[in-house]
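Close look at the chain arrangement
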Amino acid sequence: MKIDFKIIFIALLVCVFTACDDTPVVFDNVDGKVALQFATRTFNVSVPTAGITVVVPVSVTTISSTSRTFTAALGSGSTAPTSSYTIGAVTIPAGSYVGTLNVDLNATSLVSGLSYTLPIKLIAPEGGNVFNETATIKFNKG
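Cut-offs used in this document
- Residues numbered from 1 in each chain as written.
- Predicted model: local features only at pLDDT ≥ 70, side-chain atom pairs only at ≥ 80, totals over all residues.
- Heavy atoms only, no water.
- Helix = DSSP H or I, 4+ residues; strand = E, 2+ residues; numbered from the N terminus.
- Areas by Shrake-Rupley, 256 points an atom, 1.4 Å probe, with all protein chains shown as cover.
- Pairing = 2+ DSSP bridges.
- Axes fitted to C-alpha atoms, helices over the stretch in contact; angles between N-to-C directions.
- Contact = heavy atoms within 4.5 Å.
- Buried < 20%, exposed > 50% of the residue type's maximum accessible area, 1.4 Å probe, protein only.

Quick look at the overall build of the protein chain
Check the secondary structure of the protein chain and you find 1 helix and 10 strands. Along the protein chain, from the amino end to the carboxyl end, the secondary structure elements read α-β-β-β-β-β-β-β-β-β-β. On the protein chain, roughly 8800 Å² of surface is accessible, and the fraction owed to carbon and sulfur atoms is 60%.

Here we look at the sheet that holds strand 5 (residues 72-74)
Consider a sheet: its strands pair through backbone hydrogen bonds, and that pairing is either parallel or antiparallel. The mixed open sheet is built from 4 strands, whose spatial order is 2-10-8-5. Of all the strands in the sheet, just strand 2 (42-47) and strand 5 have a single pairing partner and so form its edges. Averaged over all pairs of adjacent strands, the angle between their axes in this sheet comes to 30 degrees, without regard to strand direction. For strand 8 (residues 115-122) and strand 10 (residues 134-141), the ladder comprises 7 bridges, and the chain directions are antiparallel. Considered in strand 10, the bridge of Ser-115 is made with Asn-140.

With respect to the environment of Asn-102
Looking at where Asn-102 falls in the secondary structure, it is placed in strand 7 (residues 98-105). Each C-alpha atom, one on Asn-102 and one on Thr-53, is 6.3 Å from the other, the two residues being 49 residues apart in sequence. In contact with Asn-102, not counting residues within four places along its chain, are Thr-53, Val-54, Val-55, Thr-86, Ile-87 and Gly-88.

A look at the side chain of Ser-96
Mapped onto the secondary structure, Ser-96 falls in the loop between strand 6 (85-92) and strand 7. If near-sequence neighbours (up to four positions away) are discounted, Ser-96 is found in contact with Val-60, Thr-62, Ile-63 and Arg-68.

Examining the pairing of strand 6
Examined bridge by bridge, strand 4 (residues 68-70) and strand 6 share 3 bridges and lie antiparallel to one another. Opposite Arg-68, over in strand 6, you have Ile-92 as the bridge partner. Pairing of strand 6 with strand 7 involves 5 bridges; the strand directions are antiparallel. By the bridge assignment, Val-90 is partnered in strand 7 with Leu-101. What sits between the antiparallel neighbours strand 6 and strand 7 is a turn of 5 residues, in which Gly-95 has the positive phi angle 75 degrees.

Notes on the sheet that holds strand 7
As summarised here, the arrangement of the 6 strands in space is 4-6-7-3-1-9, forming an open sheet in which the pairing is mixed. Each edge of the open sheet is held by one strand with a lone partner, namely strand 4 and strand 9 (129-131). Here the average twist between neighbouring strands, direction ignored, is 30 degrees.

Quick look at the environment of Leu-110
Considering the arrangement of structural elements, one finds Leu-110 in the loop between strand 7 and strand 8. You can call Leu-110 buried: its relative accessible area is 5%. Sequence separation between Leu-110 and Ser-83 is 27 residues, and the spatial gap between their C-alpha atoms is 9.2 Å. If sequence neighbours within four positions are ignored, Leu-110 has contacts with Val-47, Pro-81, Ser-84, Tyr-116, Phe-139, Asn-140 and Lys-141.

This is how it looks when you write it as structure tokens:
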């Protein structure tokens, strides 16, 4: 008799936990809400005298039939001289979930032997979101 109650109890628990939410999650990757994120968030580079461009991959949750651009800006806690970098715009090609942000680094104002940190923050588009919103480039004069 005790075994029957255990089986009934376990069956009731299974029913309760599997029937909690029958509402399916709807994801609209064509006309849905746009969310951006850095696909890679940490970079370590040595900047040669001629300079270097760091290509930061950015992914997006929706596709579009046209190319799109989004904004990125300097994050908090930077130790990089303002003249040592240029942050571009995020470009997502038409029909793609992945795009890039180019960050140009130059060695002109860098001191040999010092390491610099450049945090970059994605800016949410109007009506959209960002996840993994900060990428950090650590660099030194090469």
